[in-house]
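Listed below are the residues making up each chain.
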Amino acid sequence: MGKLKPETAQTIWDLQKQLLEIIDIAKTLELSLFESFGETDRSVIYLDELQSIAEQATDRFSRFSTFQSRIANAQPPVPSDIIELVNRTIENTQQKIPALERSIQEIREEGELS
C-alpha cells in the first residue's frame, strides 16, 4: 500500500475538516436565508453564491478523497506525479479556503444575517 508522509496526510485531514465546515456553514446559511427571505431578487444572488461555495468545497474535499484512495491502492513508492499533484492541490486549497470563508462572511454582512 502506498503512503504519504505523515505530515502530508495530516494536512489533508485538516483541510478536509475545514472544507466540511465550510460546506456546513454555507448550507446552513443558505437554508436560513431562504427561510427568512424566500427567493427575492436580492436573496437569489446570495443563495447562488452559497451554493457555489458549497460546491467548490465539496469538489476539493472529493479530490482529496480520490487522492487518498489512489495512494492507498498504489504500490510503494507512490508515483511522483501523484505526489506533485497532491502537493499542488494542498497549496491551492490552503489559498482558497480563506477566500471561501471571506465570501461567507461577506454574505452574512451584506445579507444582514448572523
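Quick caveat, the model's predicted, so the values are computed rather than measured. (Residues numbered from 1 in each chain as written. Predicted model: local features only at pLDDT ≥ 70, side-chain atom pairs only at ≥ 80, totals over all residues. Heavy atoms only, no water.)

Caption draft 1: Quick look at the nonpolar core. In terms of nonpolar packing, the biggest core is built from 26 residues, with Ile22, Leu50, Ile53, Phe64, Val86 and Ile104 touching the most fellow members. With nine residues, helix α2 (residues 41-73) is the largest single contributor of residues to this core. Ignoring anything within four residues of it in the chain, the contact list for isoleucine 104 reads Ile22, Ile25, Ala26, Leu29, Leu50 and Ile53. (Core = buried A, V, L, I, M, F, W, Y, C linked by side-chain atoms within 4.5 Å. Buried < 20%, exposed > 50% of the residue type's maximum accessible area, 1.4 Å probe, protein only. Helix = DSSP H or I, 4+ residues; strand = E, 2+ residues; numbered from the N terminus. Contact = heavy atoms within 4.5 Å.)

Caption draft 2: How the structure looks around helix α1 (residues 6-37). Look at α1: 46 Å from first C-alpha to last across 32 residues, which is about the 46 Å you get at 1.5 Å a residue. Among the residues making up α1, those that are buried are Thr8, Ile12, Leu15, Gln16, Leu19, Ile22, Ile23, Ala26, Leu29, Glu30 and Leu33. Summarising the contacts, the buried residues of α1 are in contact with α2 and α3 (80-110). Phi for glycine 38, located one or two positions after α1, is positive at around 70°. (Expected span 1.5 Å × (residues − 1).)

Caption draft 3: Region of interest: a negative patch on the surface. On the surface, a cluster of negative charge is made up of Glu39, Asp48, Glu49, Glu106, Glu109 and Glu110. For the negative patch, the secondary structure elements donating two or more residues are α2 and α3. The biggest single contributor to the negative patch is α3, with three residues. Locating aspartate 48 in the fold gives a position in helix α2. (Patch = residues over 30% accessible without salt bridge, like charges linked within 9 Å, V, L, I, M, F, W, Y side chains within 5 Å. Areas by Shrake-Rupley, 256 points an atom, 1.4 Å probe, with all protein chains shown as cover. Salt bridge = Lys/Arg side-chain N within 4 Å of Asp/Glu carboxyl O. Lys, Arg positive; Asp, Glu negative; His and termini not counted. Charge placed at Lys NZ, Arg CZ, Asp CG, Glu CD.)

Caption draft 4: Geometry of the pattern of salt bridges. A full pass over the atoms with the stated rule returns three salt bridges. The shortest N-O distance in the salt bridge between lysine 27 and glutamate 30 comes to 2.8 Å. Here lysine 27 pairs with glutamate 30, and both are found in helix α1, just three residues apart, close to one helical turn. The class for glutamate 30 is buried, based on a relative accessible area of 15%.

Caption draft 5: Spotlight on the packing of α1 against α3. For the pair α1 and α3, the least separation of the axes is 10 Å and the interaxial angle reads 25°. In terms of orientation, α1 lies roughly parallel with respect to α3. As α1 packs across α3, the resulting crossing turns out to be left-handed. The residues of α3 that touch α1, namely those facing Thr8, Thr11, Ile12, Leu15, Gln18, Leu19, Ile22, Ile25, Ala26 and Leu29, are Val86, Asn87, Ile90, Thr93, Gln94, Ile97, Leu100, Glu101, Ile104, Ile107 and Arg108. Per-class residue counts for the contact of α1 with α3 are 13 nonpolar, six polar and two charged. (Axes fitted to C-alpha atoms, helices over the stretch in contact; angles between N-to-C directions. Parallel < 35°, antiparallel > 145°, perpendicular 65-115°, else oblique. Left-handed = near helix turned anticlockwise from the far one by under 90°. Nonpolar A, V, L, I, M, F, W, Y, C, P; charged D, E, K, R; others polar.)

Caption draft 6: Local environment of the confidence of the model for the protein. Of all residues in the protein, 97% attain a pLDDT of 70 or more, and the chain-wide mean is 92. Across the protein, the secondary-structure element scoring lowest on mean pLDDT is α2, at 94, and the one scoring highest is α1, at 96. (pLDDT = per-residue confidence, 0-100.)

Caption draft 7: Main features of the layout of surface pockets. Roughly 170 Å³ of internal volume is contained in the largest pocket. In this structure, the largest pocket is lined by 10 residues; those nearest its centre are Lys3, Leu4, Ala9, Gln68 and Ile71. Residue assignment for the lining of the largest pocket shows that the elements contributing at least two residues are α1 and α2. For the lining of the largest pocket, the class distribution of residues is seven nonpolar, two polar and one charged. (1 Å grid on protein atoms, 1.4 Å probe; cavity = no way out; pocket = protein on both sides within 12 Å on 5 of 7 lines; lining within 4 Å. Points joined across faces, edges and corners; volume = space filled by probe spheres on them.)

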